[in-house]
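# Descriptive structure summary
What follows is the residue order along each chain.
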Amino acid sequence: IFETCRKRNWLLLGAAILFAALLAVLCLLLRPKTGALDRFVIRYGNGETLEIPLTEAKTVVIRDGKIVDEATGEGDENVIRIENGKAWMEAANCPHGECLKQGVLSADTVGSRPLGTWIVCAPHRVYVEYAGDAQ
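Quick summary incoming for the structure in this document.

Rules and cut-offs
- Residues numbered from 1 in each chain as written.
- Predicted model: local features only at pLDDT ≥ 70, side-chain atom pairs only at ≥ 80, totals over all residues.
- Heavy atoms only, no water.
- Helix = DSSP H or I, 4+ residues; strand = E, 2+ residues; numbered from the N terminus.
- Contact = heavy atoms within 4.5 Å.
- Salt bridge = Lys/Arg side-chain N within 4 Å of Asp/Glu carboxyl O.
- Buried < 20%, exposed > 50% of the residue type's maximum accessible area, 1.4 Å probe, protein only.
- Polar contact = N/O pair within 3.5 Å; in protein donor to acceptor, adjacent residues only side chain to side chain.
- Patch = residues over 30% accessible without salt bridge, like charges linked within 9 Å, V, L, I, M, F, W, Y side chains within 5 Å.
- Areas by Shrake-Rupley, 256 points an atom, 1.4 Å probe, with all protein chains shown as cover.

## Examining the side chain of Gln102
- Relative to the helices and strands, Gln102 is located in the loop between β6 (86-92) and β7 (118-121).
- Sequence-distant contacts of Gln102, defined by excluding residues within four places in its chain, comprise Arg113, Leu115, Trp118, Ile119 and Val120.

## A short note on the pattern of salt bridges
- Within the structure shown, the criterion is met by six salt bridges.
- As a salt-bridge pair, Arg81 and Glu83 come within 2.4 Å of each other at their nearest N and O atoms.

## Quick look at the environment of Thr59
- When you line up the elements, Thr59 lands in strand β3 (residues 58-63).
- Thr59 gets classed as partly exposed once you look at its relative accessible area, which sits at 39%.
- For Thr59 and Ala87, which are 28 residues apart along the polypeptide, the C-alpha to C-alpha distance reads 9.5 Å.
- If we ignore the near neighbours within four places in the chain, the residues touching Thr59 are Val79, Ile80, Arg81 and Glu90.
- A distance of 2.7 Å separates the side chain of Thr59 from the side chain of Arg81, its partner in a polar contact.

## Section: a nonpolar patch on the surface
- On the surface, Trp10, Leu13 and Ile17 cluster together to form a nonpolar patch covering roughly 360 Å² of accessible area.
- Among the secondary structure elements, Trp10 is positioned in helix α1 (residues 2-30).

## Looking at the environment of Asp38
- Within the secondary structure layout, Asp38 lies in the loop between α1 and β1 (39-44).
- C-alpha of Asp38 to C-alpha of Ala107: the two residues are 69 residues apart in sequence and 9.7 Å apart in space.

## Here's the deal with the side chain of His124
- Inspection of the secondary structure assignment puts His124 in the loop between β7 and β8 (126-131).
- The residues contacting His124, other than those within four sequence positions of it, are Asp76, Glu77, Asn78, Asn93 and Cys94.

## Here we look at unusual backbone geometry
- A positive phi angle is found at Asn84, which is not glycine, with a value near 50°.
- Along the polypeptide, Asn84 turns up in the loop between β5 (77-83) and β6.
- We classify Asn84 as exposed; its relative accessible area is 67%.
- Residues other than glycine seldom take positive phi values, yet Arg125 does so here, at roughly 55°.
- Tracing the backbone shows Arg125 in the loop between β7 and β8.
- Taking relative accessible area as the criterion, Arg125 reaches 43% and is therefore assigned partly exposed.

Structure below.
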């Protein structure tokens, strides 16, 4: 009788450990996808970066390789708008305006964009990268 109880207790303990492990894996798989990876990274100037969470709304003005308070249209200037998990080049005075034609960058558009996770203004050396989990 004691031997049967001991085996049953070991089986119950093993089942409980297995259940806890499965529950932990399930929680990891179903957790919301937010955190350090869910952001836009703006690269500008001499290698400077600015990270902005997808949930933040912000307008970033970069003139002559530096972040400034407002757009004036002078110098090498880019205006980047971030809102509702989307980023786009709102204004730029680069020679051909290719960065303005690259459209909206978001989790929904990454797969259909020619540059994938990037908006690039090569003449001004301004790059916007989507660094989140594409859905």
